[in-house]
Amino acid sequence: MAARTEGHMSDSTDAADDPARQSLADFLQRLRVRAGQPSLRTIAQRTVERRETERLAPTISRQTVADVLAGRRTPRWDSLLAIAGALGETDPDRLKPLWTRAVEQDSERRVRHTQRRGAASSEAAKELEAPQDDTRHAPVGEPARSLLDLTAGEGLTTYFTPGSVMTRQGNPAGVAFVMIDGYAKVVVNREDGYEVLLDVRGPGDLVGVTSVISGSPFSAMVVTLTEVRCAALPAARLRESIGSDPELGRAILRVLTDRLRRSNERRVAFQMASPGVQVARALTSLYDRFPPPLDDGILPVNMSQNELASFTGMSLRSAAKGLGELAAMDLIQRYYRGIRIVDKQRLREFADLGD
């Protein structure tokens, strides 16, 4: 699940390269001394016991505990609370500043790492702006081009392998991205542990911009579905650019407004319609936004049955019924985590039946 650059904020590195992470580790070591120097196994076992009384609490492996205490890894917030709780610390306010700075330095280090790759984002911007002979790229809006221009010549192109986490829900927003190639899903984790698929991002889309602008933690987790190439933009740089260029801010606002409108339209479209029609509308929407690259009808966005149900707001049973109905009509072909649209026109006509 690792990115070719550092596609995960908690990837292990030498503690000497990250003083903020080491400060967090030093604080935890002091807690460990105060708690009587429990072994790594004991600390890990205590997180297991904590999960038995708090269903949503994470369980931490012995190796993870070792990495965190040695400053080799920045843990997720819930994992940090579990480790600190196992050491007797009950005040999250004492942990928050140390953890926030460690996560921010992870983001800064990731950006510096991409700079050393020497991949020029100016070339990526030209590629997105140039006329395409195929359908690999979705239309790119003005904000995406403007943000790519900001990174031009600085080598901020970042690569993520499939399954990598681009942004993690609840983490400080230290960097935003402009998608160049590939696809990613936007999900949120509910309190009951259920994962909800909110949307899909593809070429030309912005990732993490809302959180960076507002200064709030990432409100969702963005996970790559395919290999992704994108331009990374540090939070401070983005805020500075918006402050000095009001037109850029207005353009980004238009994108965010359009995203909200599309979300509302999708909710309305999935109301009071049969399962087959709901699924047909979802697939038609995905086809229009992300056309098959080889014009073979195979959607480039891989989506499981569970994810499709979450995306449409349907039950898993209804989603399965809808997919089966479309397959029986020879409108689609199904395979593992993938769908091929056999007859785009007939599928679109069927999707319009509920209007």
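Small disclaimer: the values here were computed from a predicted structure and weren't measured. (Residues numbered from 1 in each chain as written. Predicted model: local features only at pLDDT ≥ 70, side-chain atom pairs only at ≥ 80, totals over all residues. Heavy atoms only, no water.)

J.: Just to check I follow, could you spell out the packing of aromatic side chains for this structure?
T.: In this description, a pair of aromatic rings is defined by centroid distance and the angle of the planes. Evaluated as defined, the whole model comprises three aromatic pairs. Residues tryptophan 77 and tryptophan 99 carry aromatic rings whose centres are separated by 5.2 Å and whose planes lie at 50 degrees to one another, so their mutual orientation is tilted. Here tryptophan 77, found in helix α4 (residues 77–86), pairs with tryptophan 99, found in helix α5 (residues 96–117); they are 22 residues apart in sequence, far enough to count as distant. Judged by relative accessible area, which is 0%, tryptophan 99 ranks as buried. Ring centres of phenylalanine 160 and phenylalanine 177 lie 5.7 Å apart, and the angle between their planes is 85 degrees; on these two criteria the pair is classed as edge-to-face. Placement of phenylalanine 160 in strand β1 (residues 157–160) and of phenylalanine 177 in strand β3 (residues 175–181) is noted, with a sequence separation of 17 residues between them. Exposure class is identical for phenylalanine 160 and phenylalanine 177. Each is buried. In this arrangement the basic side chain of lysine 96 is found over the ring face of tryptophan 77, its NZ or CZ atom lying 4.2 Å from the centre. (Phe/Tyr/Trp six-rings, centres within 6.5 Å; stacked < 30°, edge-to-face > 60°. Helix = DSSP H or I, 4+ residues; strand = E, 2+ residues; numbered from the N terminus. Buried < 20%, exposed > 50% of the residue type's maximum accessible area, 1.4 Å probe, protein only. Lys NZ or Arg CZ within 6 Å of the ring centre and 35° of its normal.)

J.: Help me out: how do you make sense of the packing of helix α12 (residues 305–312) against helix α13 (residues 316–328) in this one?
T.: Each pair of packed helices can be described by the angle between their axes along with the distance between the axes. α13 packs onto α12 with a crossing angle of 105 degrees between their chain directions and a minimal axis gap of 9 Å. Here α12 is positioned roughly perpendicular relative to α13, judged by the angle of their axes. On α13, the residues touching Gln305, Asn306, Leu308 and Ala309 of α12 are Leu316, Ala319, Ala320 and Leu323. (Axes fitted to C-alpha atoms, helices over the stretch in contact; angles between N-to-C directions. Parallel < 35°, antiparallel > 145°, perpendicular 65-115°, else oblique. Contact = heavy atoms within 4.5 Å.)

J.: Looking at this structure, I do not really get the environment of phenylalanine 218. What am I missing?
T.: Mapping phenylalanine 218 onto the fold places it in the loop between α8 (209–214) and β7 (221–224). Its relative accessible area of 4% is what places phenylalanine 218 among the buried residues. Considering only alpha carbons, one finds phenylalanine 218 and alanine 173, 45 residues apart in sequence, at a separation of 5.6 Å.

J.: Would you mind going over the packing of helix α11 (residues 275–289) against α12 with me for this structure?
T.: In contact at an axis separation of 10 Å, α11 and α12 are set at 95 degrees when each is read in the N-to-C sense. With respect to each other, α11 and α12 are oriented roughly perpendicular. Across the interface between the two elements, Gln278, Val279, Ala282 and Leu286 of α11 pack against Leu308, Phe311 and Thr312 of α12. Along the lines of polarity and charge, the residues of the contact of α11 with α12 split into five nonpolar, two polar and no charged. (Nonpolar A, V, L, I, M, F, W, Y, C, P; charged D, E, K, R; others polar.)

J.: Sorry if this is basic, but what is going on with helix α14 (residues 344–351) here?
T.: One turn of the α-helix equals 3.6 residues, which is why residues spaced by three or four share an orientation. Turning to α14, its buried residues are Leu347, Phe350 and Ala351. Taken down its axis, α14 places every buried residue within 100 degrees of arc, on the same side. Contacts made by the buried residues of α14 are with α11, α13 and β10 (338–341). (Arc of directions from axis to C-beta.)

J.: Please explain unusual backbone geometry as it appears in this structure.
T.: Note on backbone geometry: most residues besides glycine have negative phi, and most peptide bonds are trans. Positive phi, close to 55 degrees, is recorded for glutamine 37, a residue that is not glycine. Tracing the sequence through the fold places glutamine 37 in the loop between α1 (19–34) and α2 (40–53). Phi at aspartate 330 takes a positive value of approximately 60 degrees, unusual for a residue other than glycine. With respect to the helices and strands, the residue aspartate 330 is situated in the loop between α13 and β9 (332–335).

J.: Any chance you could explain the sheet that holds β1 here in plain terms?
T.: Sheets are built from strands that pair by backbone hydrogen bonding, the pairs being arranged parallel or antiparallel. Spatial strand order, β1-β8-β3-β6: four strands in an open sheet with antiparallel pairing. Strands with a single pairing partner mark the edges of an open sheet, and in this sheet they are β1 and β6 (206–207). By the bridge criterion, two bridges tie β3 to β6 in an arrangement that is antiparallel. By the bridge assignment for β6, phenylalanine 177 is matched with valine 207. Strands in contact with helix α9 (residues 235–244) are β3 and β8 (228–234); relative to β8, the strand with the most contacts, it is inclined by about 70 degrees. (Pairing = 2+ DSSP bridges.)

J.: I would appreciate a short explanation of the environment of valine 188 in the present structure.
T.: Of note, valine 188 is situated in strand β4 (residues 184–189). Given the relative accessible area of 17%, valine 188 is considered buried. When the C-alpha atoms of valine 188 and serine 219 are compared, they prove to be 7.5 Å apart, with 31 residues separating the residues in sequence. Those residues within four positions of valine 188 in sequence are excluded, and the remaining contacts are Gln169, Tyr194, Glu195, Val196, Leu198, Ser219 and Ala220.

Function cannot be read off these values alone, since they describe shape.
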